[in-house]
Amino acid sequence: MTTISIPRGKYHIWTVGCQMNQADSQRIQTMLDELGWEEASMEQANLVVLNTCSVRQAPEEKAHNLLAQLKRAKNERSDLLVALMGCMIGNQKTIDALEKRYPHIDLFMKVEHADILPRFLEERWTLISGAGCLDIEFMPDASDETTDDEIPVFPDLPTFATSTSRAGKRTVLPMAITPKPGERIAHYPTKIEPAKASPSAWLPIVLGCNKVCTYCIVPYRRGRERSRPMDELMIEARSLVDKGAKELTLLGQTVEAYGLDLPDQPDLADLMTNLSEIDGLERIRFMTSYPRHMTDSMIERMAHLPKVCEHLNIPVQSGDDAMLKRMKRGYSLDEYVERIERVRELWPDITLSTDIIVGFCGETEEEFQHTLDLLEKIRFDVVHVAAYSVRPGTVAARWEDDVPLAEKKRRLHAVEEIQGKIAFELNQSYVGKVEEVMVEDTNMTHGRQQLKGRNRGNKLVFCPVPDSTSSEGQRVFQPGDFVHVRIERATAWSLQGEAVVL
Ligand code: SAH
Ligand code: F3S
């Protein structure tokens, strides 16, 4: 164990983007809380962490705006440190460009290297603050934990000053620690699962992506696929459940690729089988699915695990073969449809969501029509639709972005309209049924407790519970409770009903 002494300060974590980013931010928050740091507004914080998203231009622009604001703030304040994480961090070239543009960024950090935070703060914040120190026992050194054949947690980590040897010594912190070629880092920093888990918690199981969809920046920024070892995930999952999680969502860009890079090649269903053994864990969800990695055996085994919920998020992106080729999605439309049909055969009551991009390079009206046809054919429960946004550095960035913005918007609305109709029709089939709902949120309206939660198929369900003052001893619900709801009404977006006692 290394003893690090760090004066306390205030932090602010700004997060945009996907569930992976939210999961990562929760873990960074745990680290800072454990260091005795206090959460504050961005204006008051001494450490601002920006957890960024690059999937589309808009979230990246928000981060650029904040970086400009923070640059001004730093000119006025000497007690401010800025750290950047998430998808805006890519390889050294991306970091160099950002560093040139924003020399006030103090730390570029990938989540796998978040163990660096205490050392970074000790080094930089101690100098700035000169405040009273808090001695803590923190993370083991990488060398304490790794054996020769294990992957190092910190390649090239320089020697840092510790509380006993700091006097007069300044270490230069690397602006980012990037693995050397061939060096795969699969471990999350140790012991940093969220301090208090919400009833539905995220569990990132595979980082990065090995696909190279031509429009997508993720593989360039998140690197190649690295699965986290099963034993590490089991420890983290147990800890999350101990802290109150009832539902875990396993995260990965192509989540069925889990384990392909691990020595004994466990698969997603093996992981779910082990997770199912955890007492107190009620539901297991997973995302994002990729059709080619979903074998029949995997689907069958998942379908037979009672805790695994009947919901699949399986992006198709387009309903046209030529477009799928341009996107380099790695499957044909027939293959995709065949997988969906197989899933529906093997997994009764499965609900489906998908992602669609409209207005990708060269998308003709006919190609777009094929996407609408696919929506009518498959009848997804939920569709996430995005207008194509050029991502510099991707293959498609070299092609002409030739669908005008107004046309992209028109196509986006056309998808939303058709999908709204389909979802409305599908949701009517729930009316009269009793659904098991895990409560996510509660509030009081007009003296009645209103519950918001999700059924196993991931549909949003709202229900008021009977007025607790009118019937004595009426149960008051908390997030994480399970309630059975008889569905009385349905819209395209949610189901509504009354709580029932079975
Ligand atoms: N791993 C997922 C995708 C992750 S990115 C998969 O297998 O598809 C999340 C979503 O953002 C994608 O599904 C896609 O619909 C959207 N997206 C990615 N790049 C985009 C771009 N350049 N423009 C618009 N939407 C994009
Ligand atoms: Fe992106 Fe395709 Fe991977 S959309 S995250 S490159 S599967």
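In this convention, every chain numbers its residues from 1, walking through the sequence in written order. All chains are assigned letters beginning at A, and all ligands numbers beginning at 1, according to the order in which they are written. For a predicted model such as this one, the threshold for reporting local features is a pLDDT of at least 70, and the threshold for listing and counting side-chain atom pairs is 80 or more; totals across whole chains, interfaces and linings nevertheless cover every residue. Side-chain numbers here rest on the full set of heavy atoms in the structure, without hydrogens or water.

Colleague: It is not clear to me how the environment of Ala406 should be interpreted in this structure. Could you clarify?
Modeller: Among the structural elements, Ala406 can be located in helix H13 (residues 405–428). Three labels apply to residues, based on accessible area from a 1.4 Å probe with only protein chains included: buried if under 20% of the type maximum, exposed if over 50%, partly exposed otherwise in between. A residue is classified by how much of its surface remains accessible, and Ala406, at 60% relative accessible area, is exposed. It is 9.9 Å that separates the C-alpha atoms of Ala406 and Gly359, two residues lying 47 residues apart in sequence. Counting from the N terminus, the helices are the DSSP runs of H or I reaching at least four residues and the strands are the DSSP runs of E reaching at least two.

Colleague: So what exactly am I meant to see when it comes to helix H8 (residues 268–276) here?
Modeller: Count 3.6 residues to each turn of an α-helix, and residues three or four apart come out pointing the same way. Of all the positions in H8, only Leu268, Ala269, Leu271, Met272, Leu275 and Ser276 are classed as buried. Down the axis, H8 shows its buried residues gathered within 155° of arc, on one side only. Summarising the contacts, the buried residues of H8 are in contact with helix H7 (230–242), strand S11 (247–251), strand S12 (283–287) and helix H9 (296–303). Definition of a polar contact: a pair of N or O atoms within 3.5 Å, with one able to donate and the other able to accept a hydrogen when the atoms are protein atoms, and with sequence-neighbouring residues admitted only if both atoms are side-chain atoms. A side-chain oxygen of the first residue of H8 lies 3.0 Å from the backbone nitrogen of Ala269; this N-cap is Asp267. It is the directions from the helix axis to the C-beta atoms that the arc portrays. In what follows, residue pairs with any heavy atoms lying within 4.5 Å of each other are defined as contacts.

Colleague: Honestly, the site of ligand 1 in this entry has me stumped. Any pointers?
Modeller: Taken together, 15 residues are adjacent to ligand 1, and Tyr215, Gln253, Gln317, Asp355 and Ser389 come closest. Arg56 places a side-chain nitrogen or oxygen 3.3 Å from a nitrogen atom of ligand 1. In the model, a nitrogen atom of ligand 1 is placed 2.8 Å from a nitrogen or oxygen of the Gln253 main chain. Here the accessible surface of atoms and residues is derived via Shrake-Rupley with a 1.4 Å probe, and residues count as covered only by protein chains that are part of the display. Isolated, ligand 1 exposes 540 Å² of accessible area, and the fraction of that covered by the protein chains is 89%. If a single non-hydrogen atom of a residue is within 4 Å of a molecule or strand, that residue counts as near it.

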